[in-house]
Amino acid sequence: MSAGKRGALIIFEGCDRSGKTTQSRLLVELLKSKDIPVQAMNFPDRSSCIGQMINSYLTNSKDLPDEVIHLLFAANRWEHMNQVKQKLLEGVTLVVDRYSHSGVAYSAAKGLHIDWCYAPERGLIKPDAVFYLRAPANDLASRGKYGEERYERAEFQGRVAQVFDRLCSQEASYWHQFDASQPAEDLHAQIVSITEELLPKVATQPLDKLS
Ligand code: DGP
């Protein structure tokens, strides 16, 4: 990287099937094609020990109290923080499929208090931008049958969406909301335009923490 220039931490958030995985892949490909150092990540990372416990929970082979799975998701992010920090300081932009706000949205949708949900996320590196792909839960359900995982129910996704909406209005300074039901290429074009403005702007800013 050129002296002192860091990468950006860009997060995609939204309900299941809102298009995050497609859009994050398209953004990574675009940045690579422009020779911008970039790496894709996603949470949960199911490969670590903690990630394997999360996977057992999501695939319904293990039951855990809501509080315990919440803390495991947060711990899964914390176990990657040194690596995230190092990459960003090396000048690599990270495009991440889900982060802390999924942690808050999915657990608050179960009825846990939002402040309690936020607590273990405080201190994690703060995203430079959250791209929130928003679509009514009914639209997402009509994209085809939900899979077999624990949270893949339209009624629950509706509650998750409500929490995301609330977080989006509270964190408006770095959240960007997009209509997830528009064609993927239109969405991509809007995301690219914001990213192209963001990268030079944050390159000389210090990393911040979620507070
Ligand atoms: P994904 O691999 O992005 O499809 O995520 C798997 C499922 O886990 C999905 O339904 C969203 C949910 N999820 C992701 N992150 C968190 C989190 O931090 N906490 C909770 N409770 N659920 C999460």
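The coordinates are above.
All of the points below concern the structure found in this document. Model, not experiment: these values are computed from the prediction.

1. Brief notes about the overall build of the protein chain
Per the secondary structure count, the protein chain includes nine helices and five strands. Put simply, the protein chain runs from its N terminus to its C terminus through helices and strands in the order β-α-β-α-α-α-β-α-α-β-α-α-β-α. Over its C-alpha atoms the protein chain spans a radius of gyration of 17 Å, differing by no more than 12% from the 17 Å that the globule rule assigns to 211 residues. Taking the principal axes of the C-alpha coordinates as reference, the protein chain spans close to 50 × 35 × 30 Å. Taken over 211 residues, the protein chain has a buried fraction of 50%. Summarising the internal contacts of the protein chain: among those between residues at least 6 apart in sequence, 82% fall at separations of at least 24.

2. Some thoughts on the pairing of strand β4 (residues 129–134)
Summarising burial for β4: five of the six residues are buried, a large majority. Note: strand β1 (residues 9–14) against β4, five bridges, orientation parallel. Looking across to β4, one finds that Phe12 is bridged to Phe131. Looking at chain direction, β4 and strand β5 (residues 175–179) are connected through five bridges and run parallel.

3. Considerations on the site of the ligand
Around the ligand, the structure places Asp16, Pro44, Arg46, Leu58, Phe73, Arg77, Arg98, Ser102, Gly103, Tyr106, Ser107 and Tyr151. Arg77 places a side-chain nitrogen or oxygen 2.9 Å from an oxygen atom of the ligand. Interatomic distance of 3.1 Å between a side-chain N/O atom of Tyr151 and a nitrogen atom of the ligand. Here the ligand has 490 Å² of accessible area as a free molecule, and 89% of this is covered by the chains. Mapped by element, the contributors of at least two residues to the shell around the ligand are α3 (66–78) and α5 (100–108). Per-element tally for the shell around the ligand: the top contributor is α5, with four residues.

Definitions and cut-offs
Throughout, residues of each chain are indexed from 1 in the direction in which the sequence is written. Under the rules for a predicted model, residues below a pLDDT of 70 receive no local features and side-chain atom pairs below 80 are neither given nor counted, while totals for whole chains, interfaces and linings still include all residues. Note that the side-chain values use all heavy atoms of the structure and ignore hydrogens as well as water. For the purposes of this entry, the term helix denotes a DSSP run of H or I that reaches at least four residues, the term strand denotes a run of E that reaches at least two, and both are numbered from the N terminus. It is over C-alpha atoms that the radius of gyration is taken, and the globule rule equals 2.2 Å times the number of residues to the power 0.38. Any residue under 20% of the maximum accessible area for its type is buried, any over 50% is exposed, and the rest in between are partly exposed; the area is computed with a 1.4 Å probe on protein chains only. Here, two residues are considered to be in contact whenever any of their heavy atoms come within 4.5 Å of each other. The rule for pairing is simple: two strands pair if DSSP sees at least two bridges between them. For each residue, the test is whether any non-hydrogen atom lies within 4 Å of the molecule or strand; if one does, the residue is near. Here a polar contact means two N or O atoms within 3.5 Å. Within protein one must be a hydrogen donor candidate and the other an acceptor candidate, and residues neighboring in sequence count only if both atoms are side-chain atoms. For the accessible areas, the method is Shrake-Rupley and the probe is 1.4 Å, while residue cover comes only from the protein chains on display.

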